[in-house]
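Breakdown of the fold
Below are the chains, spelled out letter by letter.
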Amino acid sequence: MLRTASRNAAVAACAAAFGLTLTAAAAPSAAAAPAPAHQRAAADTVRSDPNGRHTATEIRRFLTTFYGHHGPSAWARENQVSDHLKDRVAQTEGYDLLLCAQNTPREIAIGKVTTAQSAGMGWATVTTIWDGAERGTFTAYVDLDSHPIELQDVDCGE
């Protein structure tokens, strides 16, 4: 009787261990599968700031994507710029106000982002790098409460 109980316990233990092994082996493939679209969309809208405002990290990601390596795309200019700034851009013929330049830079770098909760704004210095290592800088501003996030203003410093 004792022998049968021991054997049953051993079989149960082996089955449990085998089951855990199968579960553990299956877990990585389940984790690697992409989340359904409705879950990804929900995750994209989760705000890391408790007040729903854009954080410095989100603003940096936005500006880096918006400006890319050589300046904003036509789509970004149309869909990610405030109406106020679009009006200003329309008044600067022969000059790209979003880049504070007349030409396309060789490279663009985004500096440290600062946020001022009381002003509701975030900003960063944007550095444009031209042929011959010449550099230019300007400041890009984002409204912390704009949804979706968009470029609010630029200050060319001139």
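Residues numbered from 1 in each chain as written. Predicted model: local features only at pLDDT ≥ 70, side-chain atom pairs only at ≥ 80, totals over all residues. Heavy atoms only, no water.

**Let's talk about the side chain of His54**
Residue position: His54 is located in the loop between α2 (37-44) and α3 (56-67). Judged by relative accessible area, His54 falls into the buried class, the value being 5%. A polar contact is formed between the side chain of His54 and the backbone oxygen of Ser146, at a distance of 2.4 Å. (Helix = DSSP H or I, 4+ residues; strand = E, 2+ residues; numbered from the N terminus. Buried < 20%, exposed > 50% of the residue type's maximum accessible area, 1.4 Å probe, protein only. Polar contact = N/O pair within 3.5 Å; in protein donor to acceptor, adjacent residues only side chain to side chain.)

**Details of the layout of surface pockets**
Estimates place the volume of the second largest pocket at around 200 Å³. Lining the second largest pocket are 15 residues, with Cys100, Ala101, Thr128, Trp130 and Gly136 sitting closest to its centre. In terms of residue count, strand β3 (residues 135-143) provides more of the lining of the second largest pocket than any other element does, 4 residues in total. Among the residues forming the lining of the second largest pocket, the class breakdown is 7 nonpolar, 5 polar and 3 charged. (1 Å grid on protein atoms, 1.4 Å probe; cavity = no way out; pocket = protein on both sides within 12 Å on 5 of 7 lines; lining within 4 Å. Points joined across faces, edges and corners; volume = space filled by probe spheres on them. Nonpolar A, V, L, I, M, F, W, Y, C, P; charged D, E, K, R; others polar.)

**A few points about the confidence of the model for the protein chain**
Here the protein chain shows a mean pLDDT of 78. Residues at 70 or above account for 68%. Low pLDDT, under 50, characterises residues 1-47; the stretch is placed with 7 contacts to residues that sit more than four places away or in other chains. (pLDDT = per-residue confidence, 0-100. Contact = heavy atoms within 4.5 Å.)

**Regarding the sheet that holds β3**
Strand order in the open sheet made by the 4 strands is β1-β2-β3-β4, with antiparallel pairing throughout. Because the sheet does not close on itself, it has two edges, and the strands there are β1 (107-116) and β4 (151-155). Taken pair by pair, the neighbouring strands of this sheet meet at an average axis angle of 25°, ignoring direction. Bridging between β1 and strand β2 (residues 121-129) involves 8 bridges; their strand directions are antiparallel. What sits directly across from Glu107, in β2, is Ile129. The strands touched by α3 are β1, β2, β3 and β4; relative to β1, the strand with the most contacts, the crossing angle is about 155°. (Pairing = 2+ DSSP bridges. Axes fitted to C-alpha atoms, helices over the stretch in contact; angles between N-to-C directions.)

**Side note on the side chain of Asp96**
The topology assignment puts Asp96 in the loop between α5 (83-90) and β1. When its relative accessible area of 17% is taken as the criterion, Asp96 is described as buried. At 2.6 Å, the side chain of Asp96 and the side chain of Arg77 are in polar contact. Once you skip the residues sitting within four places of it in the chain, Asp96 turns out to touch Arg77 and Ala101.

**Re the packing of aromatic side chains**
Counted according to the given criterion, the structure contains 4 aromatic pairs. Ring geometry for Trp123 and Tyr141: centres 6.2 Å apart, planes at 45°, overall tilted. You can see Trp123 sitting in strand β2 and its partner Tyr141 sitting in strand β3, a full 18 residues away along the chain. Through pairs of rings, three or more aromatic residues link up here, namely Phe62, Phe66, Tyr67 and Phe138. (Phe/Tyr/Trp six-rings, centres within 6.5 Å; stacked < 30°, edge-to-face > 60°.)

**Examining unusual backbone geometry**
Cis geometry is found at the peptide bond from His147 to Pro148, where omega equals 5°. Residue placement: Pro148 occurs in the loop between β3 and β4. Residues other than glycine seldom take positive phi values, yet Cys100 does so here, at roughly 50°. As for its position among the elements, Cys100 is in the loop between α5 and β1. You will see that Ala133, though not glycine, has its phi angle at about 65°, which is positive. Along the chain, the position of Ala133 falls in the loop between β2 and β3.

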